Amino acid sequence: MSFLFRKADPSSGPASHLGADMDSQNIEIRTPQEAVARIAYLASDVVVSVQPSQAQDSAFSSHLKRYAARKDQSLVAKSSGAVPEIQSVRHNTDPLLSVFAPIRSGQLVSVTTSSTVLLPSIAHLYKLANYPVVLHVSLQSGQSPDYSAITAIRNSGWTFLQSESLQEAQDIAVTAHALAIRSGKGVIHFFDAGSSSRDKPIGPEDASLVRDLLNLGDVRRFQASSIQGSSIYADDGRVAVASEQPDTVANGASTLTDSTLLDATSKATSTEASVKSGSPSDSSATPSVSTATTIDANAPVVTSEDIYKYVTAIWTQLRNLTGREYNAFEWSGPATAENAIFVFGSDAGLFAEALDAAQPTDVYAKSGMITARLYRPWLGAKLIEAIPKSVKRIAVLEQVSRKTTKWGPLLIDVLTSIKSGPGGVEHIVGYQIGYIAPDTVSQALKGVFQNLTSPKPLQNLEVGKREAPETPTGYGLEQPKLETAYTKILDQLFGNRAYVANALNSQNAGVSSTVAASPEFGFGSLLARKEHRQRFVKEVKQAATSNAFTTEAPKQWLAKWSAGAEDAQKAGEIADDVVSRLETDGSSIARQLLSSKGLFRKESLWLVGSDAWSYDLGNSGVHHVLASGENVNMLIIDSTPFSQKSAADAARRKKDIGLYAMNYGNAYVASTAVYSSYTQVLQAMLEADKFNGPSIVLAYLPYFGEHDSPLTVLQETKKAVDAGYWPLYRWNPANETKGEPNFALDSELVKKELKEFLARDNHLTQLMQKEPTFAANLAQDFGTEVRAQQKRKARDAYNELLEGLFGAPLTILFASDNGNAQSLAKRLGTRGRARGLKTSVMAMEDYPVEDLPSEENIVFITSTAGQGEFPQNGLSFWHAVKDSTDLDLASVNYSVFGLGDKHYWPRKQDRVYYNKPAKDLDRVLTNFGGKRLADIGLGDDQDPDGFQTGYSEWEPRLWQALGVANVEGLPEEPPPITNEDIKLASNYLRGTIVEGLNDPSTGAISASDQQLTKFHGTYMQDDRDVRDERKAQGLEPAYSFMIRCRLPGGVSTPKQWIQMDDISNSLGNETMKLTTRQTFQFHGVVKGKLKPAMQAINRALMTTIAACGDVNRNVMCSSLPTQSKYHRQVFACSQKISDHLLPATSAYHEIWLTDDNEKKLIASDAVQDFEPLYGPTYLPRKFKITIAIPPHNDTDVYAHDIGLIAIKGDDGNLVGFNVLAGGGMGATHNNKKTYPQTGRMMGYVKAEEVHIACEKIMLVQRDHGDRKNRKHARLKYTIDDLGVDVFRGKVEAMWGKAFEPERPFHFQSNIDTFGWQKDENGLSHFTFFIENGRIEDTPEFQMKTGLREIAKVHKGEFRLTGNQHLILSNVADEDLPQMKELMKKYKLDNVQFSGLRLSSSACVAFPTCGLAMAESERYLPVLISKLEDCLEENGLRQDSIVMRMTGCPNGCARPWLAEVAFVGKAYGAYNMYLGGGYHGQRLNKLFRSSIKEDEILEIMKPLLKRYATEREEGERFGDFCIRVGVIAETKGGQDFHNNVAEEESDEESCVVTSILNERGKLLQFTQKVVNSVAEYQELITAKYELTIFDTKLVGKLSHGAAVEREAVI
Ligand code: SF4
């Protein structure tokens, strides 16, 4: 219920329904914004609430929303029950535009805003001045408020009222509304919220009082009117006409009746409806008058005098009702004062207090103060009346920091009002006040008065500080840094040729609020610029034929230039030549031309605007530009986040600028999004620049608030583009003349409207004919309703089919994220059917919740995702059930089975997550009256048989309940299909890949083919950023493929680099990933482009075969920039091993490398492949080999199935390798049977035999690896199970040779050395820092373009490192300058990063990796940034600490060997590991489970500090953590799960831990006290407390816990 009033008058009219809510005696209003919001709400039909962003409330909006949510009613509502409409509008989207429509339709509108919107809205202000709109303006108070926001608009025709305290804010707010209604004119009520911060809370204004002051008769008359507005940009000729307002005041202001301004008819009518104070006002008595705004051409306009009379009447009324008095000018001080200050600023209250407290000796004693309550209209005569005759000197104090005139505006007002001279006021002196702290007021006043009372006072003195201490404003700050992205691209493309008309400064041309409303200004300036150049071209042409030059050259060059002056390229090409000729010439005409030498280039003219321009296209700059046909470009940045598309600005009906412009016909139009396709933005801008006519480039840059990370912007962009809300396209009318299509769609889906436009324009037809598959996408509509119906129909049809065939019905719904729940559900369905039940199985998301009450028997199987959440395909169902209010399940029998892992969350407080979805669902279903068929069953991964243990106990209970437990003759169930089956049946990796590729109905391939394509070097993935959104739209996931190349040793030629770059641009997602296995990886390759991509990779003489899959993968090799000769020898071995172990299947060639028309190389099944090494089932699991060259372990030699340590002979050449076997990173969270492992030493082999030794190790694994359990199939488990010696023996037996004893070696580190290094041949190498291996362009950093430019001229090679960085290798001295210049140009020479960043590495994870549980590549850099301050503080900036992150425990970035690692557990939550060896020799150990960023920082910061202060000389972070006991050392893979820092604990030991923590704190305190003899007494007390504590503790503990305590103490 609403509590807007303290008490009410139940007898009074339409608001009497509020009577029930009046029990609100205790309400307190605490801020002026709250007081104002409440009055605005009561006195308006529509409140336009200006907010910093949709996600961030203003100080007004939180209150407004609260009232609206409670459905509080306003006093002015026409019909009972109507609540005011609150329109939330972002401050930079031209908010006052929202006022026009409602006010013209007779709705009372008020606006609550900060002062930032005023200046940009000045054009609207002039037009709105003649409407009874009220603007409540809180002066922006981030620093000291700047009253120039008010003075700058003082002549816009509005009435301005000022309040200075909390009580005044409320009273003046009422006054403002009453005055607007009476005068018919706009009123601005402004205040500085800061100046009332010390005020006590007030009570809300009385209802009857507010109602009386508003005068409902006038309100109704206005509401009955409707004004035919034309355009908001043209003056509609409206003149404010006062309401007929007979004097309703008991005392005073009787003159008002004389000044009513209406014609006789309306006067008569309104007089009838006028209301006397206290008399009932009834909405039924609303006069049906529409004449109130029928403007009589001769009707006198409202004058200043009228305003004064109205406001005085209102204040008189207010005084009679409340005792509080207000005047146009307020005087406070003795009536005999000689000196006075006139304050226009926020410190009036402070000044008043200081004057009151003045001592007789103070220079400002007995002085007075004037403030303006009614600032406009300015009534000089009233000012004179307000000031005592005794006043001789007035100091005018203005808080105006942006001064545009020499004299302050108020000073001018005062000077024009008060004539100074003998006998009257002698001096009027202006001051500019800044920030004044409360304790410096008297100081400031002293300064003011000393100057004022001096014989010759100085004008314009400054008082107070210019800068106030920063306080958050909530306004104007929310534009993220990212906003400059597009203008940076303009800069990048056109350099100094770009001319941005409204770039206030080039850093701020994005969605700056100040440009939002000034398109005309910008456009005008562009035209002026154009004309300027045209004149210049003319001048040049004349000059080219004149004889005024001293030399001949300029004339020829100028003539040549003139011929191509309008062609940007031609003009640009010779501009420098022309200029240099003119400079040499030196004549006066040459000098004159040189004075505009910038114009020798043809500028690219741009006007930058925001989506605010899309609310009124016909009148905004968009229309002007289009109608002009001028060759100018508009860049319009739309920042509405996709997720807020319907909420934001719904009432304002945003228009589609792109469509509007295309319909116009003469313009180039492009719709772009930098976070979706960077190159498309480049292309669009270049085309726009070239197009001879108006161009409009729409640019998407969604954000919620200033703190949005690029990741949020990226995700919002992707959703918008993917859903077709923000399609990427380019429309070029000029193409028609070239016979090319005008329209190019650069993203997949388009909105319905755009589709309709294209269809109308006949282009769609053409497109559809040309690209039938594309047409299907185009024709895809969004309609959830339709899809729901389709689903239901399909289900009904299926049910019908089953009808009659079976017995009792059983519906099985599942929610599954990794497939377990789904296969259980399907198997349960099959078993049910075998028992004669009518079963149907489906995902929860496909089930219509409204059908639930009609089910007879229903079973739910759900696994547990994230932090105890439903898996994605159960979420919508769960929400629908949970939020339902009317589900009746009285006749429904149900049972729930859940899959979870009890140990997934070791911390006690997180235990609730275990099987939470199942438990929640079970509880809710009972609440709705459902009957349990069988009690909930819970499967736990920790049980001996995993979830099967719980399941096999639950299922029989279910059959029992359904009466089908003992069915005879059940058929045998087929065994589940395993990966081994798939491999075997695949005919040497063919499967049905070709058929899948040719199926146009889906972007996916079949599940078994997904397993097989891995062997071909590609994985199917889907974009997880848009998964939910697509699901909501009823679309299949955005499938695409990752392709990984095979590149032994990571060495690529420059030509190959360019080829890879091309592939990523034309066939992938415009980026490349350099992987931790030293190769190229492409993402986002859609199915149709998969084959072309594979072919392009092979054309570049690379392959992808066996880059993934259960085979030997890419063979790595140290990159070793300092010893090129040695590197070559070792690298040759990596190639040899790679080639030797390559699978022999011809399926790869057949599937990918033959043209569709070409005859297949292998004739279908007739010819069988043969795999001499692998056999038909290949290896049990993936197999990885690497080579490290000591002292660099940059390929993490211990982490691979085979790790080879290169051994150098005495002559400096490679002689052989120490061989490690059985390293491996993959593990599963909480499954102690899985663990990472480091390689075990096999011995030494000669270089020439190394490939054979590798082969034999691989073959022993082939034959002995576990093919039943993929989680136990890696070589590491085979060796651990067999024992190292047995395994070695088997290898040696197969090889027929023995390993020699290992040779000595020494490793120093496993990270890269950045920057330039020279090798023994004198060639140079530069290691670039490529953060997490991602090669991409951003507006800030064109890394990809830069590397491509370098590749174009580089003569050496590129080496990809195992840490995902890149080495520019083999640069000869003579090429160094060119390389350095290019690197500098593209900022690629920067390696000045913190040691932590340089030593960091992350896997891909989101959005493409299907296994990712948390972000990795996109998050690690953010986390490091948050730690860097701490590194700096502790002097650790240069220290290398190896930190790694992966999105899941699969371990692609080898996290288990890092000194500190974070492994994804759930979205936003990580397991933290510590204690890895600095050069990759030792595994780390679990330190904390499932911690989020704040906890990570809480742990890391003190730990880093400790490391800085307590480490020993040269001690590494990982070693340190072990030495000081933060973590135990991991001695090997099998020791990985032992002694972890965060053991699971039962409840009692949790209590013990927390008690002991407390004890620890107490002990620390005691220790501190001991250090200070002076605090002896405290020592005694503390010791005493400790003893008491100990006694209590021991008493409380069980025996076991007490023992534990002893151990800990
Ligand atoms: S570690 Fe996990 S999340 Fe990261 S890329 Fe590998 S599989 Fe994906």
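Quick caveat, the model's predicted, so the values are computed rather than measured.

## Here we look at the overall build of the protein
For step 1, the next point in the chain: Looking only at helices and strands, one finds 52 helices and 46 strands in the protein.
For step 2, the next point in the chain: Burial statistics for the protein: of 1609 residues in total, 58% are counted as buried.
For step 3, the next point in the chain: Excluding contacts between residues fewer than 6 apart, the proportion of contacts in the protein whose partners are at least 24 apart in sequence is 76%.
For step 4, the next point in the chain: Total accessible area on the protein is roughly 64,700 Å²; 51% of this is exposed by carbon and sulfur atoms.

## Quick word on the pattern of salt bridges
For step 1, the next point in the chain: Counting across every chain of the model gives 69 salt bridges.
For step 2, the next point in the chain: Between R1511 and D1439 there is a salt bridge; the shortest N-O distance is 2.5 Å. Taken together, the residues span a long stretch of sequence, with R1511 in the loop between helix 48 (1493-1510) and helix 49 (1517-1523) and D1439 in the loop between helix 47 (1420-1433) and strand 43 (1443-1446) at a distance of 72 residues.
For step 3, the next point in the chain: Through salt bridges with shared partners, one network takes in K718, D1023, D1025, E1415 and R1418.

## Digging into the nonpolar core
Burial of nonpolar side chains together is a common tendency in soluble globular proteins.
For step 1, the next point in the chain: With 102 residues, the main nonpolar core has W1057, F1080, F1082, L1204, F1217, I1257 and F1328 as its most contacted residues.
For step 2, the next point in the chain: The element best represented in this core is helix 41 (residues 1250-1264), accounting for seven residues.
For step 3, the next point in the chain: With sequence-adjacent residues up to four places away left out, F1328 is seen in contact with F1314, L1347, I1350, H1365, L1366, L1368, M1383 and L1388.

## Quick word on the sheet that holds strand 2 (residues 85-90)
For step 1, the next point in the chain: The strand order 2-1-3-4-6-5-10 describes an open sheet built from seven strands, whose pairing is mixed. In this open sheet, the two strands that pair with only one neighbour each are strand 2 and strand 10 (374-376). Ignoring strand direction, the axes of neighbouring strands in this sheet form an average angle of 20 degrees.
For step 2, the next point in the chain: The pairing of strand 3 (residues 109-114) with strand 4 (residues 134-138) spans five bridges and is parallel. Pairing of S114 across the sheet is with S138, part of strand 4.
For step 3, the next point in the chain: Lying over the sheet, helix 6 (residues 166-183) contacts strand 3, strand 4, strand 5 (159-163) and strand 6 (187-191), oriented at roughly 165 degrees with respect to strand 5.

## Some points on helix 43 (residues 1284-1295)
For step 1, the next point in the chain: The end-to-end C-alpha separation of helix 43 is 16 Å, in line with the 16 Å expected for twelve residues at 1.5 Å each.
For step 2, the next point in the chain: Every buried residue belonging to helix 43 is among F1287, R1288, V1291, E1292 and W1295, and all of these are buried. Angularly, the buried residues of helix 43 cover 135 degrees about the axis, an arc narrow enough to put them on a single face. Projecting away from the buried face of helix 43 at angles above 90 degrees are the exposed residues D1285 and A1293.

## A look at the state of the cysteines
For step 1, the next point in the chain: Counted according to the given criterion, the structure contains zero disulfides.
For step 2, the next point in the chain: Its sulfur unpaired, C1117 is 8.4 Å from the next cysteine sulfur, which belongs to C1133.
For step 3, the next point in the chain: C1117 sits in the buried class, given a relative accessible area of 0%.

## Quick notes on the sheet that holds strand 20 (residues 743-745)
For step 1, the next point in the chain: Spatially, 14-15-16-18-17-19-20 is the arrangement adopted by the seven strands of the open sheet, whose pairing is mixed. Looking at the sheet topology across the chains shown, the edges are occupied by strand 14 (498-500) and strand 20. Shown here is a sheet whose adjacent strand axes are inclined to one another by a mean of 20 degrees, direction ignored.
For step 2, the next point in the chain: Bridge count for strand 15 (residues 604-610) against strand 16 (residues 633-638) is five bridges, and the pairing is parallel. Residue pairing in the sheet places S610 in a bridge with I637 of strand 16.

## Focus: the pairing of strand 1 (residues 46-51)
For step 1, the next point in the chain: Counting buried residues in strand 1 gives six out of six residues, a clear majority hidden from the surface.
For step 2, the next point in the chain: Both faces of strand 1 are covered, namely the face carrying V46, V48 and V50 and the face carrying V47, S49 and Q51.
For step 3, the next point in the chain: Sheet topology places strand 1 next to strand 2; six bridges connect them, and they run parallel. When the bridges of strand 2 are listed, V47 appears paired with I86.
For step 4, the next point in the chain: As a crossover connection, the stretch from strand 1 through helix 2 (residues 61-69) into strand 2 is right-handed.
For step 5, the next point in the chain: Judged from the four bridges that link them, strand 1 and strand 3 form a sheet pairing that is parallel. Within the sheet, the bridge partner assigned to V48 lies in strand 3 and is V111.

## Let's talk about the packing of helix 37 (residues 1054-1067) against helix 38 (residues 1087-1099)
For step 1, the next point in the chain: At a closest axis distance of 10 Å, the pairing of helix 37 and helix 38 adopts a crossing angle of 170 degrees. By the angle between their directions, the pair helix 37 and helix 38 is classed as roughly antiparallel. Here Q1059, M1060, I1063, S1066 and L1067 of helix 37 lie close against helix 38, whose contacting residues are K1089, P1092, A1093, A1096, I1097 and R1099.
For step 2, the next point in the chain: Here the contact of helix 37 with helix 38 is composed, by residue class, of seven nonpolar, two polar and two charged.

## Some remarks on the pairing of strand 46 (residues 1485-1491)
For step 1, the next point in the chain: Most of strand 46 sits inside the fold, with six of its seven residues counted as buried.
For step 2, the next point in the chain: Pairing between strand 45 (residues 1469-1474) and strand 46: four bridges, direction antiparallel. Paired with M1472 across the bridge in strand 46 is R1488.

## Points about the environment of K538
For step 1, the next point in the chain: When you line up the elements, K538 lands in helix 17 (residues 519-544).
For step 2, the next point in the chain: Sequence-wise, K538 and S562 are 24 residues apart; in three dimensions their C-alpha atoms are separated by 8.5 Å.

## Overview of the packing of aromatic side chains
For step 1, the next point in the chain: Scanning the entire structure with this criterion turns up 49 aromatic pairs.
For step 2, the next point in the chain: Over the ring of Y1126 we find K1208; its NZ or CZ atom is 4.7 Å from the centre of that ring.
For step 3, the next point in the chain: Over the aromatic face of Y1244 sits the side chain of R1303, whose NZ or CZ is 3.8 Å from the ring centroid.

## Side note on the environment of F877
For step 1, the next point in the chain: Take F877: it is sitting in helix 30 (residues 872-883).
For step 2, the next point in the chain: Put simply, F877 and P848 are 29 residues apart on the chain and 8.0 Å apart in space, counted from C-alpha to C-alpha.
For step 3, the next point in the chain: With residues near it in sequence (within four places) discarded, F877 still touches L813, M844, E845, Y847, V849, L852, F860 and L921.

## A closer look at the packing of helix 29 (residues 820-834) against helix 32 (residues 947-962)
For step 1, the next point in the chain: Look at helix 29 against helix 32: their axes get within 13 Å of each other, and the N-to-C directions meet at 30 degrees. Here helix 29 lies roughly parallel to helix 32, going by the angle between them. Seen from above, helix 29 lies across helix 32 with right-handed handedness. On helix 32, the residues touching N820, L824, R827, L828, R831 and G832 of helix 29 are F947, Q948, Y951, W954, E955, L958 and W959.
For step 2, the next point in the chain: For the contact of helix 29 with helix 32, the class distribution of residues is seven nonpolar, three polar and three charged.

## What about helix 38?
For step 1, the next point in the chain: Relative to the 18 Å expected for 13 residues at 1.5 Å per residue, helix 38 spans 19 Å between its end C-alpha atoms, a close match to the ideal helical length.
For step 2, the next point in the chain: For helix 38, the elements touching its buried residues are helix 34 (993-997), strand 27 (1018-1022), strand 28 (1039-1044), helix 37, strand 31 (1080-1085) and helix 40 (1147-1153).
For step 3, the next point in the chain: Phi for L1101, located one or two positions after helix 38, is positive at around 60 degrees.

## What about the environment of W557?
For step 1, the next point in the chain: With respect to the helices and strands, W557 occurs in helix 18 (residues 553-563).
For step 2, the next point in the chain: Residue classification places W557 among the buried residues on the basis of a relative accessible area of 18%.
For step 3, the next point in the chain: Between the alpha carbons of W557 and A544 there is a distance of 8.1 Å; along the sequence they are 13 residues apart.
For step 4, the next point in the chain: Setting aside anything within four residues of it in sequence, one finds W557 in contact with I574, D577, V578 and R581.

## Looking at unusual backbone geometry
For step 1, the next point in the chain: Residue P1191 follows P1190 across a cis peptide bond; omega there is 5 degrees.
For step 2, the next point in the chain: Inspection of the secondary structure puts P1191 in the loop between strand 33 (1185-1188) and strand 34 (1202-1208).
For step 3, the next point in the chain: Omega for the bond connecting F1406 with P1407 falls within 30 degrees of zero, at 5 degrees, which places this linkage in the cis form.
For step 4, the next point in the chain: Position of P1407 relative to the elements: it lies in the loop between strand 42 (1400-1402) and helix 47.

## Concerning the confidence of the model for the protein
For step 1, the next point in the chain: Looking at the protein, the pLDDT average stands at 82 and 81% of residues meet or exceed 70.
For step 2, the next point in the chain: Low pLDDT (under 50) marks residues 771-787, which in the prediction has 26 contacts with non-local residues, meaning those over four places away or in another chain.

Thresholds applied
- Residues numbered from 1 in each chain as written.
- Predicted model: local features only at pLDDT ≥ 70, side-chain atom pairs only at ≥ 80, totals over all residues.
- Heavy atoms only, no water.
- Helix = DSSP H or I, 4+ residues; strand = E, 2+ residues; numbered from the N terminus.
- Buried < 20%, exposed > 50% of the residue type's maximum accessible area, 1.4 Å probe, protein only.
- Contact = heavy atoms within 4.5 Å.
- Areas by Shrake-Rupley, 256 points an atom, 1.4 Å probe, with all protein chains shown as cover.
- Salt bridge = Lys/Arg side-chain N within 4 Å of Asp/Glu carboxyl O.
- Core = buried A, V, L, I, M, F, W, Y, C linked by side-chain atoms within 4.5 Å.
- Pairing = 2+ DSSP bridges.
- Axes fitted to C-alpha atoms, helices over the stretch in contact; angles between N-to-C directions.
- Expected span 1.5 Å × (residues − 1).
- Arc of directions from axis to C-beta.
- Disulfide = S-S within 2.5 Å.
- Right-handed = clockwise from strand over helix to strand, strands pointing away.
- Parallel < 35°, antiparallel > 145°, perpendicular 65-115°, else oblique.
- Nonpolar A, V, L, I, M, F, W, Y, C, P; charged D, E, K, R; others polar.
- Phe/Tyr/Trp six-rings, centres within 6.5 Å; stacked < 30°, edge-to-face > 60°.
- Lys NZ or Arg CZ within 6 Å of the ring centre and 35° of its normal.
- Left-handed = near helix turned anticlockwise from the far one by under 90°.
- pLDDT = per-residue confidence, 0-100.

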